[in-house]
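Tertiary structure, described
For reference, the chains in residue letters:
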Amino acid sequence: MNNERNWKRTLLAAVDTITQPLIAVLISFLLGAVVILVIGKNPLLAYGEMIRGAFGKQVYLMNTLKRATPIVMGGLAVCIAWRSGYEAMGGEGQMILGAMAAALAGYYLPLPAALRIPAALIAAAAVGALYSMFSGWLFEKFDVTFVISTLMLNYIANYFAAYLCNYPLRDPDANVYQMQNAQTGKLGPEAILPPIVKGWVHWGFVLAIVAVLITWFLFKKTSFGFKSRMGGLNPRFALYGGINARKMLYLVMILSGVMAGLGGAFETMGSKSRYVDQMIFSTGYAWTGMVAALLANMNPIGTLAASILLAGLAVGGSTMMLNMDIPLEVCNIIEGIITLFMSARMIRIVAGNHRRRKQAKGGSEA
Amino acid sequence: MKKIVSLLIVFVLVLATIGACAEETKKIAVICDPVGVNAFLTQVVEKVEELAGTYGYEYRILECSDTDKWQSSYDAAVAEEYDLILGVGWQSAEYAAAKAEEAGDTIAFAVIDTDAGSDKVASYSYNEEQAAYLMGAMAGYAFPNETKFGYIGCFEGSGSFKYRWGFMEGVKSVIPDAQITFNYTNSYADPAPAYEFAKQQQAQGCTYIFGGAAACNEGIFNAALELAQEGKYIYSIGQDTDMTREDNPYILSSQLKNTGVTAGIIIDAYFDGTLENGLHVLEMKDNAIGATHITAEGAYLNSEILTDEVIAQCKAVADAIASGELVLEMPASEDEYTFPIF
Amino acid sequence: MIFEMKHITKTYDTVVANDDVSLHLNPGEILSIVGENGAGKSTIMKILYGLEKPDSGEIIVGGAPRHFHNPSDAMAAGIGMVQQHFMLFEQMTVAENIVFKNELRKGLFMDMDKAVETVRQLSDRYGLKIDPKARIADCPVGLRQRVEILKILYQNAEIIIFDEPSAVLTPLEVEALLDTIRGLAKAGKSIVLITHKLQEVMAVSDRVYVMRQGKVVAERMAAETDMEELAMLMVGHPLASYQIDPPVPGKTLLETRDLCLVENGRKVLSDISLHVNAGEIVGIAGVSGNGQSELIQCITGLARSTGGQVFVAGADVTNRSVKAIRDAGLAHISEDRYVWGSATDGTLEENTLMIRQDDAPFSKRGIVNHKSIRDYAVRLIKEFNVKASSPVQKMRELSGGNAQKLIVAREMSLDTPVLICCEPTRGIDIGAMEAIHRRMLQRRDQGSAILLVSSELTEIMSLSDRIYVIFEGKIVGEFTRGSMDDKHLGLLMVGGTINHE
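Along every chain, residues carry numbers that run from 1 in the direction the sequence is written. Each chain takes a letter, starting from A, and each ligand takes a number, starting from 1, following the order in which they are written. Only residues with pLDDT of 70 or above have their local features reported here, since the model is predicted, and side-chain atom pairs are shown and tallied only from 80 upward, although totals for entire chains, interfaces and linings are computed over all residues.

**Observations concerning the overall build of chain A**
Note the threshold: Working definition: helices are DSSP H or I runs of at least four residues, strands are E runs of at least two. Numbering for both runs from the N terminus. Here the globule rule reads 2.2 Å times residues to the power 0.38, and the radius of gyration is calculated from C-alpha atoms. Here a residue counts as buried when 20 or more other C-beta atoms sit within 10 Å of its C-beta, as exposed when there are 12 or fewer, and as partly exposed otherwise, the C-beta atoms being derived from the backbone. We call two residues in contact if the C-beta atoms placed from their backbones are at most 7 Å apart.
Within chain A, the regular secondary structure consists of 13 helices and 0 strands. For chain A, the N- to C-terminal ordering of α and β elements is α-α-α-α-α-α-α-α-α-α-α-α-α. Taking 2.2 N^0.38 as the reference for a compact globule, 366 residues should give roughly 21 Å; the C-alpha atoms of chain A span a radius of gyration of 21 Å, in line with that estimate. Dimensions along the principal axes, computed over C-alpha positions, put chain A at roughly 65 × 55 × 35 Å. Taken over 366 residues, chain A has a buried fraction of 57%. In chain A, of all internal contacts separated by at least 6 residues, the share reaching a separation of at least 24 is 77%.

Have a look at this one:
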């Protein structure tokens with residue numbers, strides 16, 4: 001029972017959780033290599049190009065980190081909810097509304113310049129939290145499973161945002177030759193998260209790292225983290241231990257929604273300077289974030305690493321395509337295979353939650 | 001294993017050769033949405049491929065599978081030192097402008113069908129009102145006894161004003177007391193509302209419906225086929241590329257926007273050294289806009305409606321616009337323009 | 001000798017599960033292996049059955065050395081095992097389950113009629129009455145176990161291993177099981193029985209091995225030993241009988257008044273009024289499923305009652321939250337340690353922290369103090385003799401008895417005036433049981449009010465100062481220590497009435 005043994009045990013457990021995703025990533029790249037061979041290219045050169053295109057130049061590295069920003073926020077939203085036993089998949093909808101809220105607050109709110117950024121971030125966090133709470137409420141009141149409610153809410157959010165930026169809130173500055181532009185007005189410099197240094201990634205990435213650290217702190221160092229983990233491991237035990245399940249549900253959903261909403265805001269304020277139609281939906285940030293969280297087994301710091309890897313895959317693909325004429329689909333295939341591996345893990349978690357909750361309900365109506 | 005090794009060697013060699021002659025060969029990157037069978041984009045790709053034979057340049061098509069890829073594609077194309085970066089579609093405007101600010105002196109930037117609003121980007125857009133006017137005039141000549149006409153568009157915003165205005169003016173030029181009813185699908189891709197609107201407009205007495213609703217137009221075309229079985233006839237037109245086809249004679253024509261021609265203009269100008277930055281608005285005379293059967297050939301001609309006489313009348317209008325004989329002066333905003341709507 | 005295991009050693013991680021174990025089985029014999037949980041008796045049988053591989057040692061079956069890689073190998077050598085957890089297909093019939101993997105075929109199809117007939121013959125031959133066409137989902141636990149046994153007999157096993165077969169059975173079913181075991185031995189099968197229930201051992205076995213800490217510590221002929229000796233050999237020291245002083249009456253700390261619970265229109269609890277005073281252990285005797293679980297859930301806040309009141313230390317806590325009730329001064333050892341009482345994938349320190357997560361020094365303003373949490377876990381593990389290798393190991397790695405000890409440690413360390421103990425010693429060995437009983441008595445003597453719910457009548461009888469008998473959600477009798485014998489209690493528990501002479 002000495003400290004060295006505890007430490008060893010922790011290390012072994014860490015290695016254990018990392019092996020499976022590592023193998024998944026390796027196999028995915030191997031299968032990707034087979035596809036590259038089949039189209040008659042050299043996989044080693046291709047992967048070399050991909051790595052160079054993701055991390056090899058400052059502009060590439062910065063693009064990778066920029067793309068990783070909303071992904072890691074979506075991943076944190078998943079970490080927070082799933083660790084607590086709620087398999088919410090509403091990150092996408094919350095992120096869309098957060099992105100839209102930030103775009104509107106930054107553009108329309110008549111505030112002094114110094115308050116624009118905080119106001120837009122708060123608006124995005126609040127909208128994300130409310131939307132997330134709504135699925136929590138559906139779950140609590142009507143027993144609507146998260147998988148169903150959050151997926152439906154994602155569609156609603158995307159269509160709603162598409163309507164807004166196509167019609168009533170379309171960019172008022174667009175001229176007659178920009179008639180197809182489906183986007184809101186461009187944010188002024190006072191509402192934009194600027195690059196840390198010129199040519200670097202924007203401050204949203206720094207805020208995302210802060211969010212990772214906060215999440216890690218919540219998980220490891222607070223009684224909230226303990227309660228949410230217990231609720232995830234065995235909801236009946238949590239109930240028996242006097243943990244208020246209702247309060248935890250809403251707290252967790254709010255926190256998860258805040259992360260997703262902020263992820264949307266970072267993308268709006270750091271990258272696009274406005275809401276562009278489909279900017280969250282077509283990129284699949286929230287889903288990539290979920291894959292990252294699954295790869296990291298719900299560890300926030302691991303999620304950050306996995307997010308950067310997955311973002312690099314997408315960004316590096318462009319260079320691979322440019323220099324080797326390899327279709328971008330190869331990257332999609334690799335990401336698809338990783339997702340496939342991780343979905344096995346996901347299904348296990350979702351089914352486990354479902355079973356435990358069913359038992360907990362059977363145990364009492366409290 | 002042997003095969004793989006020989007493959008490897010071959011590709012290393014190929015790469016080496018490509019690398020060796022990279023110095024002389026110009027490189028062109030086309031950045032656009034996934035091409036697929038989207039005629040708006042295939043026209044560009046075909047043109048770029050065709051001209052590669054003439055000028056001997058190397059090219060890549062960067063298809064942006066999501067909105068974020070627009071930026072990373074632009075970044076990659078700039079970082080990999082392409083010589084001409086050609087963006088197709090409205091999403092390219094912002095990134096072209098931003099990257100041109102950084103690299104506009106060494107790399108040429110051009111965008112098609114939008115305005116980058118930058119003096120370091122050559123923006124190519126269109127005077128669509130001219131083609132819309134032509135379609136309005138065609139409606140008037142083809143149905144001289146009608147007074148009620150329909151219009152189905154995507155969104156009511158100011159962006160589509162030039163289509164409305166052109167069409168209305170065109171109809172009015174032939175039938176001064178014409179009335180037009182307007183409906184909007186609020187979508188670029190959902191045919192269902194267009195289908196419903198088409199049936200409603202038919203019930204209100206329209207025979208000719210201007211199809212200005214992008215992919216939603218399919219709804220109008222299907223409604224026309226169905227209504228024809230009940231003995232009620234409506235006629236419509238397509239957008240951007242030739243949509244006429246034998247199995248649906250109710251698609252009379254298409255309002256054309258030829259992105260292939262545009263790409264050709266840009267590439268020719270680039271190699272002539274005459275590519276100029278700023279906004280270029282292409283017109284009927286450039287052959288970048290026009291109409292099927294009037295300024296270009298079509299797949300199928302419904303000669304019962306578009307008789308030789310009608311086509312001759314339309315061609316006269318097209319010639320007048322192209323030659324500058326007929327000048328269309330659009331009001332600056334919709335508020336200054338009124339037209340009878342029933 | 002039908003089989004012999006020589007010098008078997010098996011280690012997991014850092015724990016030696018079997019240390020140079022040698023044993024043998026004679027034909028037609030009923031052999032029992034007894035020992036506390038974690039003594040290594042299940043491991044040695046898993047090795048024999050091909051579920052585990054030994055680090056060293058030799059297995060000889062039918063005169064030849066064998067290496068079993070999986071249970072199929074063992075089965076082929078005539079060894080079958082009835083596991084604690086049945087491996088049956090719920091939606092299939094008894095006959096289908098029995099012939100599974102060795103189906104009788106007619107052309108391409110399974111010959112169902114033949115299967116049913118075979119099962120019927122088998123059940124007649126061994127006197128195991130069963131309907132071959134019944135669906136497993138409709139069979140009670142005792143019958144399912146019978147199906148497991150028939151499955152093994154169908155595969156022509158000569159050696160049948162029973163792993164804790166009575167753990168899941170009702171007393172009546174246990175009787176039937178013991179008859180079955182005797183019958184099988186009479187029919188020429190050789191039986192190995194793994195258990196820690198000494199009554200069963202004495203009732204059926206011919207010979208007994210006692211295991212402790214991975215070693216065989218004794219071998220006895222059943223006729224030449226008794227329960228006391230076996231118990232002593234198992235725990236390593238003689239079992240003390242409890243010295244219980246007469247209760248010192250204190251004030252009432254736990255009380256229910258007319259507590260009712262109606263679920264789906266069915267009255268589960270009717271007007272339950274009971275009280276527990278300081279310095280008193282009060283038992284609730286009853287056959288499982290007569291409302292004990294629901295009563296405790298209503299008291300502890302895990303379920304909402306539909307009528308009546310609950311008082312803890314004088315405060316009305318009726319239908320308050322679990323936390324409010326616990327804060328009023330109640331601790332609760334739950335009836336099922338894995339379902340309610342712990343998180344099996346949580347670490348030991350997480351499991352000991354539960355309930356106190358918001359208390360100083362473990363957390364201040366929501367920030368936890370890992371050192372104090374670990375120290376606390378280590379202290380409880382030591383104080384309550386939990387056999388564990390680390391406070392950060394997972395709960396599921398503990399044996400049942402040790403897990404229970406940890407839960408008892410957690411709840412007792414709360415030092416509340418009221419302690420509710422539900423099945424505090426279910427499925428655990430004598431050593432752990434005795435330790436827990438002593439703790440309960442100690443708490444009683446210190447002035448706590450203890451409510452004990454147990455399906456073991458002897459446990460209730462030996463510990464309780466007062467006993468309530470519960471039947472179909474009603475209290476049907478109340479007795480003080482010594483005023484009642486177990487026959488009368490038993491009668492009340494099944495709904496009989498006492499003939500007052």
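On we go from here.
**Overview of the overall build of chain B**
If you tally the helices and strands in chain B, you get 10 helices and 12 strands. Contacts in chain B between residues far apart in sequence, at least 24 positions, make up 71% of those at least 6 positions apart.

**As for the interface of chain B and chain A**
Across the contact, 31 residues belong to chain B and 34 residues belong to chain A. Those elements giving two or more residues to the side of chain B that touches chain A turn out to be helix H1 (2-21), strand S2 (58-63) and helix H3 (67-79) of chain B. Looking at the side of chain B that touches chain A, the element that brings in the most residues is H3(B), giving 9 residues.

**Section: the environment of Glu224(C)**
Note that Glu224(C) resides in the loop between strand S12 (215-221) and helix H8 (227-235). Sequence spacing of Glu224(C) and Arg207(C) is 17 residues, and the spatial spacing of their C-alpha atoms is 9.3 Å.

**As for the domain arrangement of chain B**
Residues and elements named next belong to chain B. Put simply, the rule is: Annotation comment: domain bounds sourced from an automatic or database domain assignment.
Once the domains are mapped, chain B shows domain 1 (25-126 + 260-286) and domain 2 (128-256 + 296-336). Its C-alpha centre places domain 1 at a distance of 30 Å from the equivalent point of domain 2. With 6 residues of domain 1 at the contact, the number on the domain 2 side is 7 residues.

**Details of the pairing of strand S16 (residues 307-312) of chain C**
Residue and element names in this part refer to chain C. The condition that has to hold: Here, strands pair whenever DSSP counts at least two bridges between them.
Of the strand pairs in this sheet, strand S13 (residues 252-263) and S16 are connected by 5 bridges, and their pairing is antiparallel. Its bridge partner lying in S16, Cys260 is registered against Gly307. By the bridge criterion, 2 bridges tie S16 to strand S17 (residues 315-316) in an arrangement that is antiparallel. Its bridge partner being in S17, Phe311 is matched across the sheet by Asp316. Hairpin connection of S16 to S17: 2 residues between the antiparallel strands, including Ala313 at a positive phi of 50°.

**Regarding the sheet that holds strand S14 (residues 266-277) of chain C**
All names here are of chain C. Cut-off, in case you're wondering: The axes are straight lines fitted to the C-alpha atoms, using for helices just the contacting stretch, and the angles between their N-to-C directions are given from 0 to 180°.
The strand order S14-S13-S16-S17 describes an open sheet built from 4 strands, whose pairing is antiparallel. Because the sheet does not close on itself, it has two edges, and the strands there are S14 and S17. By the bridge criterion, 8 bridges tie S13 to S14 in an arrangement that is antiparallel. Counted as the bridge partner of Thr256 is Leu274 from S14. Contacting S13, S14 and S16, helix H9 (residues 292-300) runs over the sheet at an angle of about 65° to S14.

**What to know about the nonpolar core**
Heads up, the condition is: Note on terminology: a nonpolar core is a set of buried residues of type Ala, Val, Leu, Ile, Met, Phe, Trp, Tyr or Cys, with members joined through C-beta atoms within 7 Å.
Grouped together as the largest cluster of nonpolar side chains are 359 residues, with contacts concentrated most on Ala102(A), Val30(B) and Leu134(B). When residues in this core are grouped by element, the largest group, 13 residues, is from helix H3 (residues 58-83) of chain A. When neighbours within four sequence positions are excluded, Leu134(B) is seen to be in contact with Gly170(B), Ala291(B), Ile294(B), Cys314(B), Val317(B) and Ala318(B).

**So, the interface of chain A and chain C**
Short version of the rule: Polarity classes work like this: nonpolar for Ala, Val, Leu, Ile, Met, Phe, Trp, Tyr, Cys and Pro, charged for Asp, Glu, Lys and Arg, and polar for all others, with Gly in that last group.
With 24 residues of chain A at the contact, the number on the chain C side is 33 residues. The set of elements that each furnish at least two residues to the side of chain A that touches chain C consists of helix H1 (3-38), helix H8 (223-233) and helix H9 (235-240) of chain A. With 6 residues, the top contributor of residues to the side of chain A that touches chain C is H8(A). Across the side of chain A that touches chain C, the residue classes break down as 9 nonpolar, 9 polar and 6 charged.

**Details of the confidence of the model for chain B**
Low-pLDDT stretches of the model should not have their predicted coordinates read in fine detail. Basically, it comes down to this: A score between 0 and 100, pLDDT records how confident the predictor is in each residue.
Averaged over all residues, the pLDDT of chain B equals 87, while 89% of them reach at least 70. In the model output, the complex is listed with pTM 0.75 alongside ipTM 0.83.

**Overview of the pairing of strand S9 (residues 235-240) of chain B**
Residues and elements named next belong to chain B. Quick reminder of the rule: For crossovers, right-handed means that the path from the first strand over the helix to the second runs clockwise, given strands pointing away from the viewer.
With 6 of 6 residues buried, S9 is to be regarded as a mostly interior element. Strand direction decides the pairing type here: strand S8 (residues 208-212) and S9, joined by 2 bridges, are parallel. Paired with Ile209 across the bridge in S9 is Ser236. Taken together, S8, helix H8 (residues 217-229) and S9 constitute a β-α-β crossover, and its handedness is right-handed. Pairing analysis gives 5 bridges linking S9 to strand S10 (residues 251-257), with the strands arranged parallel. Residue pairing across strands places Gln239 opposite Gln255, the latter belonging to S10.

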